[in-house]
Every structure is written in C-alpha cells, then in structure tokens.
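# Structural overview for review
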Number of protein chains: 2
Amino acid sequence: MTPVNLKSLAEQLHLSIATVSRALRDSHEVSEATKVRVRALATALNYEPNAYASSLRRNVSKTIGVVIPKVANHFFALAINGIEEAARQSGYHVLIYLTHDDYAREVAIVQHLKGGRVDGLLMSVASGTEDFAHIKSLKDTNLPIVFFDRVCAEVATAKVTTNDYESGYQATEHLIQSGCRTIAHLLISNNLSIGQFRQQGYLDALTAHGLPPDPDLVLNGVMDNEQNVVLIRELLQRRPDIDGIFASVERLAISAYHVCKELGRRIPEDIKIIGFSNLEAASLLDPPLSTITQPAYDIGREAAKILIRAVEKKKDILPSQSLVLNSELFQRRSTAAG
Amino acid sequence: MTPVNLKSLAEQLHLSIATVSRALRDSHEVSEATKVRVRALATALNYEPNAYASSLRRNVSKTIGVVIPKVANHFFALAINGIEEAARQSGYHVLIYLTHDDYAREVAIVQHLKGGRVDGLLMSVASGTEDFAHIKSLKDTNLPIVFFDRVCAEVATAKVTTNDYESGYQATEHLIQSGCRTIAHLLISNNLSIGQFRQQGYLDALTAHGLPPDPDLVLNGVMDNEQNVVLIRELLQRRPDIDGIFASVERLAISAYHVCKELGRRIPEDIKIIGFSNLEAASLLDPPLSTITQPAYDIGREAAKILIRAVEKKKDILPSQSLVLNSELFQRRSTAAG
DNA sequence: TTGTAAGCGTTATCAG
DNA sequence: CTGATAACGCTTACAA
C-alpha cells in the first residue's frame, strides 16, 4: 500500500507538493478550484498529515504533558478530564506521566521532556520531591509550565490552586463548632505546600478558638495505606481523648474510617471526621462523610487554558496569572453535632 | 541560548554529527574514548534528542494512544495506571483521549490518529458507538490496536476482557441464594458487548434457578446520572416486588442506593444490591456494597504489553492473543441473606 | 573508527 | 497563483 502523503497527493494531482500543502492549510494564495480538487482527493484517500514532520518543521507539537502523582484518585482523574477538555478544544494532545509520588521518577520524566516532545507542561509535584533543580532546569529550556494543586513555590510561573489555608481553617472550625475539643490533623508527609497551608489553617483555627495546638495530634501520613492504618490506630489508642479528625487527604480519611470501625469508635458520636475529598460516594458512606471538595475539573481546565494561551502567544507565563479557586465544605453526618 | 542538538555537540567536539549520534546510541563502531567525550558533553549540556526528528526518521514514535470513554471512573483510572506502568517500562509515552461515550468524538479522535502520532492504540469503545467503520479504517492503515473491556467484536485483533458472562451469572445466582426472587438488571444502554454478556449471564442464572426472566425488570441506563435516578425510581415504584438488583455498572449501583434511601427501602432487608464496581470505599458504604470487581490495573497492563510486544516486533496482532481475566465477587452486607 | 550525504514529510522562502 | 528548494534534527548507508 503506497503511503498517502503530500508527495503522493501532488503526483496524482499533477501539482507541486508546496501547492498541495498550501491548499490543505487553506492558504489564500491558492485558487479555489485547486483547493477543491486537492481537498477532494485528500478526503478520498483519508489523508492525515504526518504529525512528526509537521512538529519538526514548525517546532511546535500541539501536545501538552501532564505530570501527576497518580491517576487512580478522583481528584486527579477529574483534573485530567478538565485538562483534556481544554486541550481538545484547542486541538492539543495530552501526554500523561505518573510519578507515583516518587522523586526519581519525576526527575526522569522531566529530563525526558526536554526532548521537545511537548509544547508545555502541567504539573502537580510528587510528595517525595524536595529538590526542584530538575524543574528549574526544564524551565530554563523555556518550556512553559503551569503548576496545579501541588505547586512548586520556587519556580516563577502560574499556579492554579485552591484556598487551602481557608479550607483548613474552616474544616477545623467546623469541628470545633460541632463540639470537638481535641482535634487531630492527618496530612501527607513532608513539605508539600498545600499541606503546609492546610496545617496553618488548622493551627490558626485552634488558636482562634482558644484550643492549644498540640504537635502530638498532628500525624504525617505515608505512601502506604496499610501503614497509615497502623499509624492512625496508634494515635487513637495513645490519645483516647481525640474527638475530632481533620484529614488533609482523602485516603487518610478513609483509613480513619477503617480504624474507627475496627476500634469501635462511633462516628460522629465518639469522633467526628472531616476530610478533603472528591469521592462521589461520600454521601453514601456509613456515616456520610463531611468533605472539603476541591473543584478538580475546573482546576485542570483552567490550568490547561493558561498554559495553552501562553503556548499559542509564545509569551512567558507570569506568576501573576495564577488562579485560586475555592473549595466547598459539604457538611454531612460524620461531623453532626451531638 | 544556542540550542543543544547533535550539530552543536558535534561542533564543540570537533566531530561529525554522525559520530556523535552513534556515540550516544552506544554503537559498537565508535571508540570508547570518543564515546566518553561525547557523553560527557551531552550530559553537561543536558542534551536530550529531539523526539520528533527521531520519530520522523525512524517512523516510530515510541508513543501509544489510549482512547477511553472517561477517566473519572475508578476502573479506567486503574487501567491507565497499568497501561502507564507497562509503557514506562518499555520506554513508551502515553497519549490520552476521552470520548465521553460520544460516537462523533470517537470518530474524530480515530481519524486524527491516522497521522502517525502513535505506534499503537489501546481502546475501550464508546457506548454510543454502533458503526465501527472508523476503527476498521484505522486498522487498515496497519496501526496495531488492542481493545480492552469494551471491545469491538467486528475488528480482528486481540482483546483483553473479563469473564463477563460468568460474572453476570454469579452475581445473579448470589442474589438468588441470598433469597431474592424478583431481580432487576440495570445495564448501560445499547449494544456494548460486555453488557450483552452480563445480561446473558443474568438471564441464564434466572432460568437455571427456575425464575422466569421478565423484560420489564431489565433497565437500560443512560448517560446522565440524574436521569438514571428517575428511571430507577420509576422501576422500583412500578414493581414494588423487586427484591434484588444487579447493576452492570458502578454508577447505576450508586444511583440505586440513592433511590433506595429516598424511597425508604432498606438494604439488604427489603432489597439486595450487587454491582460491578472498582470503588475502593465499597466496604465503607451504608451498607457495604457487594461487588464484582474487575482487575482493572491488570487489564490495562496486559493490554499494553500485548500492544507493545506487537509494535516492537512489527508483527500483526492476532485475535488469538486475546486474554480473559477473572473478576472477583466480594460479598458484603448489601446482599446479606435475610 | 570517522565522515559525507541522503532522506523522513512537512513548511517557508523565494522566484517565476 | 504555482513551483522549486532549503531547512527542521536525526539516522543510516556508503565512503574513506
């Protein structure tokens, strides 16, 4: 089967390659008559331009990369959904890379992306990442980057986040107003910026309501959920006075549910729980889980829009283009006052 | 900033482009000494080969495409996870396309992929797709395709699925053995092959246990979840004798939960429910949901492996390479015998 | 062991 | 309006 490319089209039409190319791109310097002829044959033969030749020549790939920790997580899945939507509307393709929250993988992926495979990058950094040299060096190649949710403070570019400080404050205040006095905070390990904001909101809410912050009540979760169950169990057994839990991550809230069931602690009578979550079934849990829900789809879509706009205009992305969207607190039975 | 490519490296090293290229690909026809020099400069300058130039020249993109209905669904998210893992291990990149179960989008995506952007394709067809001409025509371009879960029977290639007939049979039998006599089946609209298999399993299990199949008890769900709630509500009100529900799709099981809560039907006392689902929180629902759980991660990984193997060997993919993995039935309180 | 040069399919520049 | 031709960056015969 002879390949369908500009050359073969040109031969069959007795035209030059250049003219065929121009006709297909609807250039104004081609007669309507030839355009019709060209288009007719092209569709008849199912011609589709070779993306790589075009990318090589124009130095533009119409592709954006998405680097995220994981996809089996409703937040990131929804974000991808928003990203894909924005990309599709502008004719962009989406390459997905998963870091599994592993620093080494993130570095390898980022290095690979220097090959010009993508016109821009959307990124949510791995929780294991503490050194951002790899990202900075990528930025130095002039590749536009937009961070979303898990941002890298040290790189000057746009970031799309949610009001994490306020959410942490609200969640904690909500627990206090529901009657909690000893509130634990479960967050993901290390130095993710979002964790810090949520933690600060938690601390400030406690102080504002005259409750003394206690470092013993703050639990740094780990990657492994089994391990988190162990840690949470230890915490609840060591501190039977805990009557409220604020989980900064969905899976820690889920683990807390499992531990409470196991230890026979009733929710919300003995312990009230609220957590960040995009779980659709939150209202069907036993008991329904109060959540702080991030607008994940919008985060993805807006981040992609900012990126694509910059790519098309070949302009640098400024930190001032950052966006902060608001999360929403859904009050359900897991924090019912009692 | 002068670009880092083979040419600039060659100039700085006073070597030819060819030698540099060969050195970096670790060709045996380059002296160890030069290899060392070349590699040193390459890493120092953070050289990364231009993916498009390489793809164009070698007619290989090291990229696979994934076309799925949606990503905000734990099944597909896990599948992507498996796909990405297999791809990463073989040095492949993953392009994601979402059809949103829309036929027109699927056609547009498939047409676009004829541009040679991907070396192979993994696909789970849209529920709205009834005509497969677009897929056949893609196959005619010799692009290797592997279907997973929602397969297209009319295209001769490998398919990775689960034992849907047996699962439908088991789920229904499980309801019968738990005491149900009037069992409804909620499935997704139209002619998806997997829906048909599950439906057949349902019918055969009924017959095998002396229960007459009743078309009135089979509900074809639609895209919109709100609408599904309405349909399920109507069904349960029209047929108050229904005492068991088998949902072929997770979101229909979830909708059924909502309707039961709303109508005051107790699960499992009044109605027992079992559904296909990859929901991690199934055991925390009220009541915990009995599920048929597909090995989504493995499905994705195995499908990707078959595809990549074929791509690397430039061999056609045969239907005989198809794989059927087993789903697992998790018995929980929603189907407790009463 | 190294260099020269053709060519992948497209787009852009320059003539005609 | 159309055609010839030179890139884009890389790989790979073929020469040296």
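As annotated in an unreviewed UniProt entry, chain A carries the name LacI family DNA-binding transcriptional regulator and comes from Hymenobacter mellowenesis.

## Looking at the protein's contact with DNA strand D
Neighbouring DNA strand D are 27 residues, the closest being A:T19, A:R22, B:L6, B:Y47 and B:R57. Sugar and phosphate atoms constitute 65% of the interface atoms of DNA strand D, taking the interface as everything within 4 Å of the protein. In this structure, B:L6 approaches DNA strand D through a main-chain N or O atom, which is 2.6 Å from a phosphate oxygen. One of the backbone nitrogen or oxygen atoms of B:A53 is found 3.3 Å away from a base nitrogen of DNA strand D. Elements supplying a minimum of two residues to the surface near DNA strand D: α2 (17-24) and α4 (51-58) of chain A together with α2 (17-24) and α4 (51-58) of chain B. Its residues placed into classes, the surface near DNA strand D shows ten nonpolar, ten polar and seven charged.

## Here we look at the packing of aromatic side chains
All names here are of chain A. For the structure on display, the rule yields nine aromatic pairs over all chains. Between Y165 and Y169, the ring centres sit 6.3 Å apart and the planes meet at 45 degrees, which makes this aromatic pair tilted. You can see Y165 and its partner Y169 sitting in helix α8 (residues 164-177), four residues apart, about one turn around the helix. Y165 sits in the partly exposed class, given a relative accessible area of 28%.

## As for the pairing of strand β3 (residues 120-123) of chain B
Residues and elements named next belong to chain B. Residues G120 and L122 point to one face of β3 and L121 and M123 to the other, with burial holding for every one of them. Where strand β1 (residues 63-68) meets β3, four bridges bridge the pair, whose relative direction is parallel. Paired with V67 across the bridge in β3 is M123. Looking at chain direction, β3 and strand β4 (residues 145-148) are connected through three bridges and run parallel.

How each quantity is defined
- Residues numbered from 1 in each chain as written.
- Chains lettered and ligands numbered in written order.
- Predicted model: local features only at pLDDT ≥ 70, side-chain atom pairs only at ≥ 80, totals over all residues.
- Heavy atoms only, no water.
- Near = heavy atom within 4 Å.
- Polar contact = N/O pair within 3.5 Å; in protein donor to acceptor, adjacent residues only side chain to side chain.
- Helix = DSSP H or I, 4+ residues; strand = E, 2+ residues; numbered from the N terminus.
- Nonpolar A, V, L, I, M, F, W, Y, C, P; charged D, E, K, R; others polar.
- Phe/Tyr/Trp six-rings, centres within 6.5 Å; stacked < 30°, edge-to-face > 60°.
- Buried < 20%, exposed > 50% of the residue type's maximum accessible area, 1.4 Å probe, protein only.
- Pairing = 2+ DSSP bridges.

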